[in-house]
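# Fold and geometry: a report
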Amino acid sequence: MSHYPMVPGHEVVGEVVEVGSDVSKVRVGDCVGVGVIVGCCRSCRPCESDIEQYCSKKIWSYNDVYTDGKPTQGGFAESMIVDQKFVLKIPDGMAPEQAAPLLCAGVTVYSPLSHFGLKKSGLRGGILGLGGVGHMGVKIAKAMGHHVTVISSSDRKREEAIDHLGADDYLVSSDSTRMQEAADSLDYIIDTVPVFHPLEPYLSLLKLDGKLILMGVINTPLQFVTPMVMLGRKTITGSFIGSMKETEEMLEFCKEKGLTSMIEMVKMDYVNTAFERLEKNDVRYRFVVDVAGSKLDE
């Protein structure tokens with residue numbers, strides 16, 4: 001539920017203009033980022049294990065209530081004040097507009113690959129759905145040395161998946177012949193689809209001990225028959241963004257591998273048009289709003 005007035009924006013990059021006396025992590029002038037979370041309890045098991053994204057008292061970057069009782073407001077603003085724990089230094093040489101989508105989409109893919117031991121080279125992975133998270137999935141998995149198959153409901157994105165993003169293969173889920181040929185071939189599938197879809201066709205693509213990792217927020221129950229999981233000791237699991245540590249790791253990984261996100265920069269006065277284009281899937285693959293260049297104070 002939204003509480004107005006609300007300022008969204010949860011992949012935020014900007015310059016430090018002021019720091020408190022106890023701040024040691026960043027200095028004035030640093031280029032820094034803020035992701036989805038700006039607070040946590042710091043005493044529960046997830047917090048003590050440095051996976052604060054699973055804290056039951058986490059505070060979202062916007063549309064939440066901060067410890068002082070005031071609403072949190074996100075990055076589509078002239079400035080924001082954030083606890084240093086939730087501020088990330090953007091690596092030198094990485095363009096701010098390129099870094100922004102990594103703070104949610106990038107780490108959302110990196111975290112499960114890291115946690116489930118899927119970073120090693122030579123694995124075969126599937127990316128289901130080619131949007132903001134999916135396109136980063138292709139890029140990160142390829143940079144880890146994986147053979148990457150994009151799985152989609154139509155042929156429409158074949159060229160961009162293979163020619164622009166570097167995927168090795170492209171499967172249309174309604175092509176039963178190709179889907180049968182690809183059975184038992186993947187170590188994991190990152191499922192980014194945010195609407196109801198059957199799981200069986202994708203479970204059949206997994207090898208023994210393969211993992212189907214759910215990332216789309218879907219509020220209707222999904223279905224599968226248990227033998228699909230039992231007869232290959234397969235796992236259906238989920239993952240939610242990533243920790244501050246994982247985000248730092250992921251930023252270094254992207255810098256080292258020269259990875260960038262595919263974005264389109266827009267000014268604030270274009271936002272309504274951007275929403276209309278989003279509804280038509282007409283963005284490759286993230287709009288980034290240039291807030292400073294939008295001259296909000298004029």
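Residues numbered from 1 in each chain as written. Predicted model: local features only at pLDDT ≥ 70, side-chain atom pairs only at ≥ 80, totals over all residues. Heavy atoms only, no water.

The chain goes by Enoyl reductase (ER) domain-containing protein in an unreviewed UniProt entry, where it is assigned to Vitis rotundifolia. Checking UniProt for the chain, the heading Cofactor (unreviewed entry) contains the comment "Zn(2+)". As recorded by UniProt, the Sequence similarities (unreviewed entry) comment attached to the chain reads in full: "Belongs to the zinc-containing alcohol dehydrogenase family." (UniProt positions renumbered as here; feature names shortened; annotations may be inferred.)

## Digging into the pattern of salt bridges
Side chains that differ in sign of charge can pair as their charged atoms come close. Applying the stated rule across the entire model yields 17 salt bridges. A salt bridge links Asp-155 to Arg-158; its shortest N-O distance comes to 2.8 Å. Among the residues examined, Asp-155 registers a relative accessible area of 45% and is labelled partly exposed. Of the charged contacts, one joins Asp-169 and Arg-178 as a salt bridge, the two residues approaching to 3.0 Å between their closest N and O atoms. Look at Asp-169 and you get partly exposed, because its relative accessible area is 25%. Its relative accessible area of 26% is what places Arg-178 among the partly exposed residues. A network of salt bridges, in which partner residues are shared, links Asp-169, Arg-178 and Glu-181. (Salt bridge = Lys/Arg side-chain N within 4 Å of Asp/Glu carboxyl O. Buried < 20%, exposed > 50% of the residue type's maximum accessible area, 1.4 Å probe, protein only.)

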